[in-house]
Amino acid sequence: MRYSAFKVFMQGLTGNKGWKPVWREPEPKPEYDIIIIGAGGHGLATAYYLAKEFGLTNIAVLEKGWLGSGNIGRNTTIIRSNYMLPGNEPFYEFSLKLWEDLEQDFNYNAMVSQRSILNLFHSDAQRDAFVRRGNAMFLAGADAELADEAQLRRELPFLDFDNARFPVKGGLYQRRGGTVRHDAVAWGYARGADSRGVDIIQNCEVTGIDVENGAVRGVQTSRGPIRARKVAICVAGSSGRVAAMAGMRLPIESHVLQAFVSEGLKPVLPGVITFGAGHFYVSQSDKGGLVFGGDIDGYNSYAQRGNLPVVEDVAEGGMAIMPMIGRARLLRSWGGIMDMSMDGSPFIDKTHIDGLYFNGGWCYGGFKATPASGYCYAHLLARDVPHPTATEMRLDRFKRGHLIDEKGQGNQPNLH
Amino acid sequence: MIINHPLLGPRDAAEFVYLGDASLIDRPDWEDPDADDKFYEYGYLRDNPAGAHQELWYHEQGDRSWLVVTRNTLSHEITNVELARDVAKSRGRDR
């Protein structure tokens with residue numbers, strides 16, 4: 001079923017009785033060409049692009065819970081491509097370009113809103129670093145704009161410009177950045193993949209990966225064994241658990257990241273704003289809630305909840321840049337599990353097992369990467385060579401010494 | 001989280017800094033013929049278990065001791081806390 005304004009109008013006249021379920025609930029077949037483990041944003045995007053761009057449809061996406069029940073349903077919905085390093089920036093810019101055309105592409109309202117992202121700086125040295133980052137963004141075809149204090153005083157008068165410790169001196173804009181309705185991304189990709197013949201099988205937990213003579217043969221699941229020529233792991237957050245089924249150890253630790261939303265307020269924030277002297281980012285959803293977050297808790301965790309010290313830290317970050325946030329009441333807070341990699345960058349790669357592929361290590365930047373991650377993973381699965389924008393995202397890069405370490409923190413995952 | 005420090009008693013986890021898996025105590029021998037591979041695995045690969053996890057915490061806002069904390073990564077429940085030097089010695093290191 002295609003959606004259009006006319007259809008909405010007609011359904012409105014006929015009591016909205018003509019809408020149909022957006023995807024099927026098929027029984028698993030005994031064999032597929034490709035099995036994707038994980039029906040989150042990245043897994044569904046992978047299935048969608050495999051079907052649409054590469055013409056492969058004998059595919060199953062297996063999901064332990066319901067589709068979109070992981071981090072696609074619990075992130076802070078920000079899209080941007082303001083990275084610096086060559087192995088990263090072209091990939092994220094590719095992703096942002098896919099976001100820009102996404103709704104037309106899969107005919108679904110994902111509420112892509114390019115309302116801009118602004119990274120504040122608070123010192124001369126930080127401005128120099130941001131100018132450098134802006135130039136690196138230009139090199140990859142992205143947009144960047146340096147705003148001085150006077151401009152920000154006009155545009156965002158509520159910021160605490162004269163903060164004694166971290167005065168706001170300006171910021172780096174990416175006007176094409178913004179927010180997207182995160183659940184709709186999963187639903188849109190699921191619908192697009194399903195309508196092209198991909199089986200999305202929910203409540204089907206993978207319990208084992210069958211490997212014979214160094215090649216993958218299929219998976220064991222809670223709904224019986226399923227054979228496949230290629231198995232694609234796509235379960236960021238739980239990568240360690242799934243990779244262990246194939247006897248792999250990964251350059252990844254699982255950490256919990258908390259996020260917060262306030263009560264609904266009248267429009268106050270035009271775009272996404274991030275604090276430059278601590279870790280805090282905030283935007284306002286279309287329902288009016290201030291959606292914000294900060295650092296990960298910092299210790300290994302698979303529990304989808306965090307602890308209070310980080311709540312305090314995030315609140316302090318918010319108060320430091322926009323004291324008015326202190327008047328808002330918190331509505332909800334929650335946690336999600338992140339694959340924190342050893343250099344803060346992700347993986348889209350083959351493994352040492354023939355036919356077994358790996359996508360993970362997204363740290364807490366996976367949402368913005370969803371379209372490109374799916375596209376590049378589909379490219380790798382279909383053609384067995386990496387997409388040109390994802391050639392550096394290799395599992396063996398630490399052994400070769402070719403890290404993609406944006407923050408320069410070294411091999412300590414909780415600092416990225 | 002409250003960490004029951006072996007010398008100081010129960011302390012708020014916010015006083016501590018987290019390093020990672022306690023396997024970091026077992027630094028490979030640089031003279032080993034496979035030192036390259038072993039240091040790669042030591043530096044970059046992790047078991048990352050869902051369940052009991054032995055990990056290193058540093059009491060930065062306290063007595064600056066290193067602790068080996070056994071904590072369940074699914075529930076955050078802490079079941080054992082030892083001084084890292086005791087653990088290192090019990091694994092055959094001299095300090």
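Residues numbered from 1 in each chain as written. Chains lettered and ligands numbered in written order. Predicted model: local features only at pLDDT ≥ 70, side-chain atom pairs only at ≥ 80, totals over all residues.

Caption draft 1: Local environment of the overall build of chain B. Along chain B, the regular secondary structure elements total 2 helices and 6 strands. In chain B, the succession of helices and strands from N to C terminus is β-β-β-α-β-β-β-α. Based on the C-alpha atoms only, the size of chain B along its principal axes is roughly 45 × 30 × 20 Å. For chain B, the proportion of its 95 residues judged to be buried stands at 17%. (Helix = DSSP H or I, 4+ residues; strand = E, 2+ residues; numbered from the N terminus. Buried ≥ 20, exposed ≤ 12 C-beta atoms within 10 Å, placed from the backbone.)

Caption draft 2: Representation of the interface of chain A and chain B. Every contact between the two is made by 22 residues of chain A and, on the other side, 18 residues of chain B. Of the residues belonging to the side of chain A that touches chain B, the class tally is 9 nonpolar, 9 polar and 4 charged. (Contact = placed C-beta atoms within 7 Å. Nonpolar A, V, L, I, M, F, W, Y, C, P; charged D, E, K, R; others polar.)

Caption draft 3: Geometry of the domain arrangement of chain A. Residues and elements named next belong to chain A. What the domain assignment lists for chain A is domain 1 (31–77 + 182–252 + 343–415) and domain 2 (113–176 + 253–339). Each of domain 1 and domain 2 has a C-alpha centre, and these two points are 29 Å apart. Listed per partner, the contact involves 18 residues of domain 1 and 15 residues of domain 2. Along the lines of polarity and charge, the residues of the side of domain 1 that touches domain 2 split into 6 nonpolar, 11 polar and 1 charged. (Domains from an automatic or database assignment.)

Caption draft 4: Up close: unusual backbone geometry. At methionine 111 of chain A, a position not held by glycine, the phi torsion is positive, near 55°. Structurally, methionine 111 of chain A is set in the loop between helix H3 (89–106) and strand S4 (117–121).

Caption draft 5: How the structure looks around the pairing of strand S14 (residues 281–284) of chain A. Residues and elements named next belong to chain A. In S14, alternate side chains face the same way, and those of Tyr281 and Ser283 on one face and Val282 and Gln284 on the other are all buried. As paired elements, strand S13 (residues 272–274) and S14 share 2 bridges and run antiparallel to each other. Counted as the bridge partner of isoleucine 273 is valine 282 from S14. Following S13, the chain reverses through 6 residues before pairing antiparallel with S14. Sheet topology note: the S14/strand S15 (residues 289–300) ladder contains 4 bridges and is antiparallel. Bridge pairing in S15 places tyrosine 281 opposite glycine 293. (Pairing = 2+ DSSP bridges.)

Caption draft 6: Representation of the environment of alanine 84 of chain B. All names here are of chain B. Along the chain, alanine 84 falls in helix H2 (residues 84–90). Separated by 59 residues in sequence, alanine 84 and isoleucine 25 have C-alpha atoms that sit 8.2 Å apart. Sequence-distant contacts of alanine 84, that is, excluding residues within four places in its chain, are made with Ile25, Leu56, Trp66, Leu67 and Val68.

Caption draft 7: Geometry of the sheet that holds strand S3 (residues 17–21) of chain B. Residues and elements named next belong to chain B. Taken in spatial order, the 4 strands of this open sheet run S3-S4-S5-S6, and their pairing is antiparallel. Where the open sheet ends on each side, the last strands, each with one partner, are S3 and strand S6 (78–83). Ignoring strand direction, the axes of neighbouring strands in this sheet form an average angle of 30°. In the sheet, strand S4 (residues 52–58) pairs with strand S5 (residues 66–72) via 7 bridges, with the strands oriented antiparallel. Residue pairing for S5: leucine 56 is matched across the bridge by valine 68. (Axes fitted to C-alpha atoms, helices over the stretch in contact; angles between N-to-C directions.)

Caption draft 8: Region of interest: helix H4 (residues 124–139) of chain A. All names here are of chain A. Taking 1.5 Å of rise per residue, the 16 residues of H4 would be expected to cover 22 Å, and the 23 Å separating its terminal C-alpha atoms lies within 8% of that figure. Listing the buried residues of H4 in full gives Phe130, Arg133, Gly134 and Met137. Looking straight down H4, one finds that the buried residues subtend no more than 105° of arc, so they occupy a single side. H4 presents Asp124, Ala125, Asp128, Arg132, Asn135, Phe138 and Leu139 as exposed residues on the side facing more than 90 degrees away from its buried surface. Where H4 is buried, its residues contact H3, S4, strand S5 (145–148) and strand S6 (170–174). Looking one or two places after H4, you find glycine 141, whose phi comes out positive at around 85°. (Expected span 1.5 Å × (residues − 1). Arc of directions from axis to C-beta.)

Caption draft 9: Just the pairing of S6 of chain B, in detail. Residues and elements named next belong to chain B. Here S5 runs beside S6; their pairing, made up of 5 bridges, is antiparallel. The residue bridging valine 68 from the neighbouring strand is glutamate 82, located in S6. Linking S5 back to S6 in an antiparallel pair, the connection comprises 5 residues, with histidine 76 at a positive phi of about 65°.

Caption draft 10: Focus on the packing of H3 of chain A against helix H9 (residues 370–383) of chain A. Residues and elements named next belong to chain A. Running from amino to carboxyl end, H3 crosses H9 at an angle of 105°, the nearest separation of the two axes being 7 Å. For the element pair H3 / H9, the angle class is roughly perpendicular. Packed against H3, whose contacting residues are Phe91, Phe94, Ser95, Leu98, Trp99 and Leu102, the element H9 presents Pro371, Ala372 and Tyr375 at the interface. For the contact of H3 with H9, a count of residues per class yields 8 nonpolar, 1 polar and no charged. (Parallel < 35°, antiparallel > 145°, perpendicular 65-115°, else oblique.)

Caption draft 11: Summary view of helix H8 (residues 308–321) of chain A. All names here are of chain A. Between its terminal C-alpha atoms H8 stretches 21 Å, which fits the 20 Å expected from 14 residues at 1.5 Å a residue. Every buried residue of H8 is listed here: Val310, Val314, Gly317, Gly318 and Ile321. Down the axis of H8, the buried side of the element spans an arc of 95°, and every buried residue falls inside it. Elements that come into contact with the buried residues of H8 comprise S4, strand S12 (252–264), S14 and S15.

Caption draft 12: The arrangement of the nonpolar core in detail. By size, the foremost hydrophobic cluster in this structure holds 118 residues, and its most contacted members are Ile35, Ile37, Leu44, Ile59, Val61 and Ala232 of chain A. Considering every element that reaches this core, the biggest residue donor is H3 of chain A, with 8 residues. Inspection of this core shows a minimum of three residues originating in each of domain 1 (31–77 + 182–252 + 343–415) and domain 2 (113–176 + 253–339) of chain A. Leaving out residues up to four positions away in the same chain, alanine 232 of chain A has contacts with Ile34, Ile35, Ile36, Ile37, Thr46, Tyr357, Asn359, Tyr377 and Leu381 of chain A. Judged by nonpolar contacts, the second largest core, of 8 residues, contains Ile3, Phe16, Ala22 and Leu67 of chain B. (Core = buried A, V, L, I, M, F, W, Y, C linked by C-beta atoms within 7 Å.)

Caption draft 13: Main features of the environment of leucine 120 of chain A. Residue and element names in this part refer to chain A. You can see leucine 120 is positioned in strand S4. The sequence separation of leucine 120 and isoleucine 273 amounts to 153 residues, and the corresponding C-alpha distance is 7.3 Å. When residues no more than four places from it in sequence are discounted, the contact partners of leucine 120 are Val168, Gly171, Ile273, Thr274, Phe275, Gly276 and Ile321.

Caption draft 14: Geometry of the confidence of the model for chain B. Predicted confidence across chain B gives a mean pLDDT of 96, with 100% of residues reaching 70 or more. Scored by ipTM, the complex comes to 0.96, with pTM at 0.95. (pLDDT = per-residue confidence, 0-100.)

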